[in-house]
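# Understanding the architecture of this molecule
So the chains spell out like this:
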Amino acid sequence: MPGVSEEVRALKELIPNAKFLTREQATKAELQSVVAPSILHIATHGFFLSAPGEGAATGFAPGTTRGLNAKAKIENPLLRSGLALAGANRKDESGILTALEASGLNLWGTKLVVLSACDTGLGEIRNGEGVYGLRRALVLAGAETQMMSLWPVSDRSTRDLMISFYKELLHGKGRGDALREAQLQMLQNKSRSHPYYWASFIQTGEWANLEGKR
């Protein structure tokens, strides 16, 4: 995906001291070994599998749904949503991180987790208990703020949104304000003014800046 590669290059320039893992380096084991980074940014494919009889997989790229039919029959919604990392196409699904596994990540002290992927904010709604999916998983893992998408997104418009978001964030804007400013900037571009391009991403959790100032 050209947009993702350009997103990574731009973020490397903005945050040169950050650790970047791309392509075959971006494994499930590497992600599970992470210990409370200040920011965790994941640009990949996300998925949410509806319960039996409610539809097919959403958010997955063609060719990466192998072996997921069995997951769709699982009652626990935290096992029916997740992220595709390096090796997701293997028969053993060693590259798939489920939301249940994500809930076991060590993110206590992590200020912000950004899932730059499709459908990462989806999940199963349970009365009185909220949405069961990656959002809940990241809260359980300890992340202060979660930023994710509600529908399939354009990788190029996502690239532009992410670059603007991080620029605002690094200038001291609050996490919520930085996203709002990035969205307003996209609205000024006539070719990107439709909500499809900018409204997919939402935030939950703490909205102050990275230093905790409101």
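The present account deals with the structure reproduced in this document.

Conventions used here
- Residues numbered from 1 in each chain as written.
- Predicted model: local features only at pLDDT ≥ 70, side-chain atom pairs only at ≥ 80, totals over all residues.
- Heavy atoms only, no water.
- Phe/Tyr/Trp six-rings, centres within 6.5 Å; stacked < 30°, edge-to-face > 60°.
- Buried < 20%, exposed > 50% of the residue type's maximum accessible area, 1.4 Å probe, protein only.
- Helix = DSSP H or I, 4+ residues; strand = E, 2+ residues; numbered from the N terminus.
- Contact = heavy atoms within 4.5 Å.
- 1 Å grid on protein atoms, 1.4 Å probe; cavity = no way out; pocket = protein on both sides within 12 Å on 5 of 7 lines; lining within 4 Å.
- Points joined across faces, edges and corners; volume = space filled by probe spheres on them.
- Nonpolar A, V, L, I, M, F, W, Y, C, P; charged D, E, K, R; others polar.

What follows deals with the packing of aromatic side chains. Counting across every chain of the model gives two aromatic pairs. Measuring from ring centre to ring centre gives 5.2 Å for Phe-165 and Tyr-166, while their planes differ by 70 degrees; the resulting arrangement is edge-to-face. Judged by its relative accessible area of 0%, Phe-165 falls in the buried class. An angle of 75 degrees between the planes, with centres 4.9 Å apart, marks the rings of Tyr-196 and Tyr-197 as edge-to-face. Taking the relative accessible area as the measure of exposure, Tyr-196 reaches 33% and is therefore partly exposed.

A few words now on the environment of Leu-169. With respect to the secondary-structure elements, Leu-169 resides in helix α6 (residues 155–170). Ignoring anything within four residues of it in the chain, the contact list for Leu-169 reads Ile-39, Leu-112, Gly-174, Arg-175, Ala-178 and Leu-210.

On to the layout of surface pockets. Of the volumes computed, that of the largest pocket is approximately 1,300 Å³. Forming the boundary of the largest pocket are 41 residues, of which Leu-21, Thr-22, Ala-26, His-41 and Ala-43 lie nearest the centre. Only α1 (2–14), α2 (28–32) and β1 (39–42) provide two or more residues apiece to the lining of the largest pocket. Take the lining of the largest pocket: its biggest share by element is seven residues, from α1. When the residues that make up the lining of the largest pocket are grouped by side-chain class, the tally is 22 nonpolar, 12 polar and seven charged.

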